[in-house]
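# Examination of the molecular architecture
Here are the chains, one letter per residue:
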Amino acid sequence: MSMDSPFKSDILKGKVALLTGGGSGIGLEISTQFGKHGASIAIMGRRRNVLDAAVSALQSLGITAVGFEGDVRKREDARRVVEATVKHFGKLDILVNAAAGNFLVAAEDLSPNGFKTVMDIDAVGTFTMCHEALKYLKKDAPGRNSSTGGFILNISATLHYTASWYQIHVSAAKAAVDALTRNLALEWGTDYDIRVNGIAPGPIGDTAGMSKLVPQEINNKIKDYMPLYKVGDKWDIAMAAVYLASDAGKYINGMTMPVDGGLWLSRPRH
Ligand code: HXC
């Protein structure tokens with residue numbers, strides 16, 4: 001469900017945003033809402049057909065958008081896509097790390113390479129993208145000449161706040177992502193005035209995460225043991241992203257904001 005935005009349509013005017021995983025799911029909704037609020041959009045993903053469909057959808061809304069093929073696990077892809085974005089739009093203001101890998105598997109059945117694969121996409125991929133983008137996010141980077149540094153948003157999760165069945169690899173990877181958010185906020189906030197924040201979505205309808213990780217029979221029963229369980233909309237995540245990326249969030253740094261309706265706090269009633 002996509003609702004009207006409560007924000008002014010020009011609050012990201014003139015900004016250039018690069019989003020990994022920006023061609024589908026939550027990443028695409030953030031691309032869309034950033035675009036609707038005035039940003040130009042570059043999306044990075046592994047599948048050309050998905051990128052092309054997303055760029056067409058964005059352009060049909062009047063959004064300036066381009067798609068670059070690449071895998072966040074490959075440093076050369078990260079560098080090429082960051083540089084292509086700057087070449088195309090003249091600068092970079094916002095990096096969103098929304099690319100993620102996931103599957104349900106018992107720890108006992110997960111191979112070390114399966115564990116590493118998700119760590120590589122979510123954690124190492126996020127670090128690599130941040131690292132390659134840094135020089136373009138500085139205040140005095142080419143094309144920016146801004147009084148403030150750029151902005152990084154990392155999409156995380158809440159499952160590592162406690163423990164989650166069959167997601168040891170994702171829990172470890174998202175815990176690492178949250179650590180990256182805090183440490184980069186400290187170092188790059190201090191040195192370059194770059195803000196680094198995260199969003200930890202709860203269960204969000206119409207996403208791969210939801211269909212892969214929460215089978216329908218569990219979705220029907222889950223309210224019995226999680227009283228606050230309520231499926232959110234991709235729009236909810238995108239609105240939080242718009243807020244954090246805009247000047248309204250200028251004093252927020254190093255925070256990962258759960259956007260889950262309070263779900264992670266849930267305890268059965270007794
Ligand atoms: C067990 C698996 C597996 C599975 C892969 N592996 N899928 N192990 N169960 N279902 C293991 C393989 O056996 C292999 O280890 C290793 O992982 C690498 O597998 P590949 O298939 O070569 O990897 P690759 O083709 O790169 O695929 C990456 C992927 C894939 C992560 C495995 O699922 C993917 O890219 N999915 C698309 C992205 C996605 O799912 N997005 C939704 C994110 S939702 P061995 O030892 O055999 O070599 C999300 C929500 C998080 O992130 C928050 C939740 C609350």
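Residues numbered from 1 in each chain as written. Predicted model: local features only at pLDDT ≥ 70, side-chain atom pairs only at ≥ 80, totals over all residues.

## A short note on the overall build of the protein chain
Filter applied, for reference: Helical segments are the DSSP runs of H or I of at least four residues, strand segments are the runs of E of at least two, and each set is numbered from the N terminus. When we talk radius of gyration, it's over C-alpha atoms, and the globule rule is simply 2.2 Å times the number of residues to the 0.38. In this scheme every C-beta is placed from the backbone, and a residue whose C-beta has 20 or more other C-beta atoms within 10 Å is buried, one with 12 or fewer is exposed, and one in between is partly exposed. C-beta atoms are placed from the backbone for every residue, and two residues are taken to be in contact when these atoms lie within 7 Å.
A count of helices and strands for the protein chain gives eight helices and seven strands. Scaling as 2.2 N^0.38, a compact globule of 270 residues should have a C-alpha radius of gyration of about 18 Å, and the protein chain matches this with 18 Å. Overall size of the protein chain, expressed as C-alpha extent along the three principal axes, is 55 × 40 × 40 Å. For the protein chain, the residues scored as buried account for 46% of the 270 residues in total. Of all intrachain contacts in the protein chain linking residues separated by at least 6 positions in sequence, the fraction that spans at least 24 positions is 73%.

## Side note on helix H3 (residues 75–89)
We apply this condition: One less than the residue count of a helix, multiplied by 1.5 Å, gives the span that helix is expected to have. Arc definition: directions from the helix axis to the C-beta atoms.
Compared with an ideal rise of 1.5 Å per residue, which puts 15 residues at 21 Å, H3 spans 21 Å between its outermost C-alpha atoms and is within 8% of the ideal. For H3, the complete set of buried residues consists of Asp77, Ala78, Val81, Val82, Thr85, Val86 and Phe89. Relative to the axis of H3, the buried residues are bounded by an arc of 160° and lie together on one face. Opposite the packed face of H3, turned more than 90 degrees from it, sit the exposed residues Glu76 and Lys87. Where the residues of H3 are buried, they touch strand S1 (16–20), strand S2 (40–45), strand S3 (65–69) and helix H4 (112–137).

## What about the site of the ligand?
We count it as follows: As a rule, any residue with its backbone-derived C-beta atom within 6 Å of a molecule or strand is reported as near that molecule or strand. Residues are grouped as follows: Ala, Val, Leu, Ile, Met, Phe, Trp, Tyr, Cys and Pro are nonpolar; Asp, Glu, Lys and Arg are charged; all remaining types, including Gly, are polar.
Contacts to the ligand come from 19 residues, most closely from Ala100, Gly101, Ser111, Gly114 and Gly209. Only H4 and helix H6 (208–213) provide two or more residues apiece to the shell around the ligand. Partitioned by chemical class, the residues of the shell around the ligand number eleven nonpolar, seven polar and one charged.

## Considering the pairing of S2
Applicable threshold: Two strands are counted as paired when DSSP detects at least two bridges linking them. When the strands point away from the viewer, a crossover counts as right-handed if the route from the first strand across the helix to the second turns clockwise.
Most of S2 is tucked away, with six of its six residues classed as buried. The side-chain alternation of S2 yields two buried faces, one formed by Ser40, Ala42 and Met44 and the other by Ile41, Ile43 and Gly45. As paired strands, S1 and S2 are joined by five bridges and run parallel to one another. Residue Leu18 lies in a different strand from S2, and its bridge partner there is Ala42. Between S1 and its parallel partner S2, the chain crosses via helix H1 (residues 25–36), and the hand of that crossover is right-handed. Relative to S3, S2 runs parallel, the two being bridged by five bridges. Directly across from Met44, in S3, lies its bridge partner Phe68. Taken together, S2, helix H2 (residues 48–60) and S3 form a β-α-β motif whose crossover is right-handed.

## Quick word on unusual backbone geometry
The phi torsion of most residues other than glycine is negative, and most of the peptide bonds are trans. In this structure, Tyr166 is a non-glycine residue whose phi angle is positive, near 65°. Within the element layout of this structure, Tyr166 appears in the loop between strand S5 (151–155) and helix H5 (168–192). C-beta crowding within 10 Å serves as the criterion here: with 15 such atoms nearby, Tyr166 is assigned to the partly exposed category. One non-glycine residue, Asp206, lies in positive phi territory at about 60°.

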